[in-house]
Amino acid sequence: MLLIYNTLTRTKEEFNPINPPNVKMYVCGPTVYDYFHIGNARSFIMSDIIRRYLEYKGYEVKFVMNLTDVDDKIIKKSIDQKRDAKSVAEDYSKAFFEDIQKLKIKPANDYPKATNHIKEIIDLIKKLEQKGFAYNIDGNVFYNVNRFSNYGKLSGKKIDELESGARIEINDEKKDPLDFALWKKAKEGEPFWESPWGKGRPGWHIECSAMSCKHLGETFDIHAGGNDLIFPHHENEIAQSEAATGKKFVNYWIHFGFLNINNEKMSKSLGNIFTARDILKIYSAEAVRLAFAQTHYAGPLNFSDELLSSAEKGLEKLKNLAEKIEEEIKENRQEGIVPKLDFEKYKNNFGTAMDDDFNSPQACAVIFDFVRDVNRAIAENENISLKFYLSVKEFLQNTAEGVLGILDFSETANQSNGALENDLIELLIKLRQDAKLEKNYVLSDKIRNELKNIGIELQDSKSGTTYKKNKK
RNA sequence: GGCGCUGUAGCCAAGUGGCUCAAGGCGAAGGUCUGCAAAACCUUUAUUCGUCGGUUCGAAUCCGACCGGCGCCUCCA
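Since we're looking at a predicted model, the values are computed, not measured.

**Overview of the pattern of salt bridges**
Phase 1 of the analysis: Under the defined criterion, the tally for this structure stands at 34 salt bridges.
Phase 2 of the analysis: E55 serves as the salt-bridge partner of K106, at 2.7 Å between the closest nitrogen and oxygen. Here the residue K106 occupies a position in the loop between helix 3 (85-102) and helix 4 (118-130), and E55 occupies one in helix 1 (residues 38-56), the gap between them amounting to 51 residues.
Phase 3 of the analysis: Judged by its relative accessible area of 34%, K106 falls in the partly exposed class.
Phase 4 of the analysis: A relative accessible area of 22% places E55 in the partly exposed class.
Phase 5 of the analysis: Notably, a salt bridge pairs E98 with R277, separated by 2.8 Å at the nearest N-O pair. Of this pair, E98 sits in helix 3 while R277 sits in helix 8 (residues 276-282), and the two are 179 residues apart along the sequence.
Phase 6 of the analysis: Owing to a relative accessible area of 30%, E98 belongs among the partly exposed residues under this scheme.
Phase 7 of the analysis: If you follow the salt bridges from partner to partner, you end up with K94, E98, D99, K102 and R277 in one network.

This is the structure in structure tokens:
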């Protein structure tokens, strides 16, 4: 039984999709005005892990992530760079797809863009207007929060209390300071679309209501995003969608904790923004994913070099085992010992962990327990049969690779490509072996060191010398 | 002011009433293997879970107070 912490009810609830085995899931994607940062990456990776786990459990997940491609920040950048907003959005959309691919994030079923849904957005605003939830002031259309009795139900805020807050700017045009824009009148030089209210563009919140409805329906299962989106963005989405349809918008709301740098929020003013793109120049995608998976998605995560280098280190243990079993599988040893290992136990433990509100840190612990126990079995036995290695591989493929995305067997396998190269290495190993037999350790160490310098690491063992190629 | 999160070993981080009074990763120390390394394995590394009280047969886990860190309430993942 899968439990999910639902922001709406502030409790862990049993997950019951509307139409099993189908699950409809929407995640707020990027505003494409810049490369996305490592904090965004956390949301994307954790929603990816959640999605993969649902699939692991046999659900058919329709996963939709929007791209906000018209927005104040994009317009600002286009003005700064003296080019049109469309090309800014296109460039960073392209970069977004490159980066999520590098992070080994499984592609969504759909990446709807706001600018491709202007019609749906306008229709939705019209509907809200007809129902009396929206009002037009000189080409700006606002949502009237006082008309929606449930306003504040997600964030636990009350309209009166919000109004007494000092930080809300007073806008003369609005009937209430909390009212938010559904349609923004175009200013000179801004991108615009024709609408019943004149030339303008959609407000930020409306696109998610329009697009999630179009691609997932009026009511769907899971909506996820960063913590800071709870208010006002998700609150406003609920207000828009539920006012328009009269139906419940989303059953389970999932929110990701913030990523801090040195215990401070990432911000432009502090100059501590790291893009995912830059981080990936230093660390592997798997290390980033492991570092994130080792912290529960909802809690805060303090990002540091130490965090990633320790994840990179831990990953090596996993990769070493993966390489070992690939080699052994190639041996194709039909006969031999099958060490006793309770694969079902690890599988159950993994599932139990993930079933408890996607407790990925616990799931990682199960995987590392498994790795240790397999290594021990390998150390204690000789002539282990193929059957054992295939079972080990299957488990790791389903969990570490399939759900957490912290291992990639296809990369492990790639290492064995290049027959000539391999023959040369084997030759050197043989020469070194001869040198060792003659106790010419100066030469044998030289061969080992020189190979290491070019990224090939030799490892002696009882059964002979093996090597692995280290990525440069 | 309102709402919410959080304080567990040198670092990161699960656990949220007894069954693990404490997983897992990194780091550190010792050992096995090895010519030496590397990898792997074994052992050790929190009698203790911010502090002080309380509830209970029993609490890191519930309650209260206090101390500390953070977020949201304005664009933000």
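**Quick look at the sheet that holds strand 5 (residues 134-137)**
Whether parallel or antiparallel, the strands of a sheet pair through hydrogen bonds between backbone atoms.
Phase 1 of the analysis: Pairing within the open sheet is antiparallel, and its four strands lie in the order 5-6-7-8. Pairing within the sheet leaves two strands with one partner each, and these edge strands are strand 5 and strand 8 (200-202). In this sheet, adjacent strand axes meet at a mean angle of 25° when their direction is disregarded.
Phase 2 of the analysis: Pairing geometry for strand 7 (residues 180-185) and strand 8, over three bridges, is antiparallel. Note that in strand 8 the partner of K184 across the bridge is R201.

**Brief notes about the packing of aromatic side chains**
Phase 1 of the analysis: Scanning all chains against the criterion turns up 28 aromatic pairs.
Phase 2 of the analysis: A centroid spacing of 5.0 Å and a plane angle of 10° characterise the contact between Y143 and F180, whose relative ring orientation is stacked. Remark: F180 occurs in strand 7 and Y143 occurs in strand 6 (residues 140-143); sequence separation between them is 37 residues.
Phase 3 of the analysis: Taking relative accessible area as the criterion, Y143 reaches 0% and is therefore assigned buried.
Phase 4 of the analysis: Since its relative accessible area comes to 7%, F180 is described here as buried.
Phase 5 of the analysis: Geometrically, the ring pair formed by W183 and W197 is tilted, given 5.8 Å between the ring centres and 50° between the ring planes. With a gap of 14 residues between them, W183 in strand 7 and W197 in the loop between strand 7 and strand 8 connect regions that are remote in the sequence.
Phase 6 of the analysis: Through a chain of ring-to-ring contacts, the aromatic side chains of Y53, Y56, F256, Y297, F350 and F358 assemble into a single cluster.
Phase 7 of the analysis: Positioned above the aromatic ring of F133 is the side chain of R147, whose terminal nitrogen or guanidinium carbon lies 4.7 Å from the ring centre.

Rules used throughout
Residues numbered from 1 in each chain as written. Chains lettered and ligands numbered in written order. Predicted model: local features only at pLDDT ≥ 70, side-chain atom pairs only at ≥ 80, totals over all residues. Heavy atoms only, no water. Salt bridge = Lys/Arg side-chain N within 4 Å of Asp/Glu carboxyl O. Helix = DSSP H or I, 4+ residues; strand = E, 2+ residues; numbered from the N terminus. Buried < 20%, exposed > 50% of the residue type's maximum accessible area, 1.4 Å probe, protein only. Pairing = 2+ DSSP bridges. Axes fitted to C-alpha atoms, helices over the stretch in contact; angles between N-to-C directions. Phe/Tyr/Trp six-rings, centres within 6.5 Å; stacked < 30°, edge-to-face > 60°. Lys NZ or Arg CZ within 6 Å of the ring centre and 35° of its normal.

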